[in-house]
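Results of the structural survey
Here is what each chain is made of, one letter per residue.
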Amino acid sequence: MIMKDMNRKLTNRYLIPAAVCLLGICGLVFYYFFFSFSARPKTEYIYIDNNDNVDSVLAKLSSIATCHGIQGLRTLLRHSTYSKHIRTGRYAVTPKDGAFKIFRCIKNGQQAPVELTIPSVRTLDRLSAELSKKLMLDSATIYRVLTDEKICHRYGYDTLTIACMFIPNTYDVYWNISPEKLLDRMKRESERFWNFKRREKAKQMGMTENEVITLASIIDEETANDAEKPMVAGMYYNRLKLRNAEYPNGMPLQADPTIKYAWRRFGLRRIYNNLLHIDSPYNTYKNVGLPPGPIRIPSVAGIDAVLDHVHHDYLYMCAKEDFSGTHNFAHTYQEHQKNAARYSKALNERGIK
């Protein structure tokens, strides 16, 4: 009995301190590796690029980390091969994440995607600049890819029509996406957009997908009023398909936005006769038919306005003199001249040149 009591006392003498030590170690491990890493109340993001090393990664994380969190992460990185395999990307740090989870994410490249919205811009250099704001790619790299004929041909376009592949929706992509994977994604999204219903509508109009998008780009430049776009589209479609004694080869579109594009003077408020003589394939006053490519990335509303255009017999339109953003439509050139005179008078009264 006495021996049992002595054994029990010895056991308690060593086990209790050991248990306390073990609990302390577990507490420290939890505190440094699993307790909240971030000092911020909301999710933050860090961006790791090709120029980063372990020290710069730690510096980026230090700006949002607690003292114990960054110490725990530093320990994990020191005892890993991370320095030899740094993965670029955009990584989320939530208030609940511990150092171990952060370590696992950056080591395995478990990124948080970005929302990439394709902007409705006019030129490829502007598209490149806008995309570069959301991606690791710089604008020069994107522009170089978009203006490479071989790359464009690989996707079924040329440098004048490649913008047709970019449907202006919002997509989840990885921040460090490569130019090739970006174009692959845009090609898939374009094919998804051009479903059977849209393809059939284009086919019934006798137009290709690129032609629909090119016409839609003109419609979007003509009016921001989505409700009126199908009406405007119907007018331009009538011109495209017109064949008579006066226009045996078709009636020129005579679209003022294409003149602005040809001159690259997008701020013009009025189109004077001296601007109509520019030698450019985008000059729809001199050339019959559509220009060789879109004059901007059109909106989905603009594309669908072409496919669902209003069937009417108007051939002319002019902006309304009330500056409502809508148009007066006319069947004959004589009617159109009257509408144009009223609009010109309104411009003069406002001093718009």
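All values derive from a computational prediction rather than experimental measurement.

Following the UniProt record, the feature "site: Important for catalytic activity" (unreviewed entry) maps to Glu222 here. Mapped onto the elements of the fold, glutamate 222 is located in helix H10 (residues 209–222). For glutamate 222, the contacting residues outside a window of four places in its chain are Val232, Tyr236, Ala255, Asp256, Pro257, Met317 and His327.

In this structure, Leu131, Leu135, Phe166, Trp194 and Tyr236 are the most contacted members of the largest nonpolar core, which totals 59 residues. Per-domain counts for this core show at least three residues from each of domain 2 (114–193) and domain 3 (196–312). Tryptophan 194 has contacts with Ile167, Arg199, Ala202, Glu209, Val212, Ile213, Ile303 and Leu307, leaving out every residue within four places of it along the chain. Judged by nonpolar contacts, the second largest core, of 21 residues, contains Leu61, Ile70, Tyr82 and Ile102.

Within the structure shown, the criterion is met by 8 aromatic pairs. For the ring pair tyrosine 316 and tyrosine 333, a centre distance of 5.8 Å and an interplane angle of 55° mean the geometry is tilted. You can see tyrosine 316 sitting in strand S5 (residues 316–319) and its partner tyrosine 333 sitting in helix H14 (residues 333–349), a full 17 residues away along the chain. The class for tyrosine 333 is partly exposed, based on a relative accessible area of 43%. Aromatic rings pair up to connect Tyr261, Phe266 and Tyr282 into one cluster. Of note, arginine 90 hangs over the ring of tyrosine 45, and the distance from its end group to the ring centre comes to 3.8 Å. Between arginine 198 and the ring centre of phenylalanine 193, over which it is positioned, the NZ or CZ distance is 3.9 Å.

Definitions and limits used
- Residues numbered from 1 in each chain as written.
- Predicted model: local features only at pLDDT ≥ 70, side-chain atom pairs only at ≥ 80, totals over all residues.
- Heavy atoms only, no water.
- UniProt positions renumbered as here; feature names shortened; annotations may be inferred.
- Helix = DSSP H or I, 4+ residues; strand = E, 2+ residues; numbered from the N terminus.
- Contact = heavy atoms within 4.5 Å.
- Core = buried A, V, L, I, M, F, W, Y, C linked by side-chain atoms within 4.5 Å.
- Buried < 20%, exposed > 50% of the residue type's maximum accessible area, 1.4 Å probe, protein only.
- Domains from an automatic or database assignment.
- Phe/Tyr/Trp six-rings, centres within 6.5 Å; stacked < 30°, edge-to-face > 60°.
- Lys NZ or Arg CZ within 6 Å of the ring centre and 35° of its normal.

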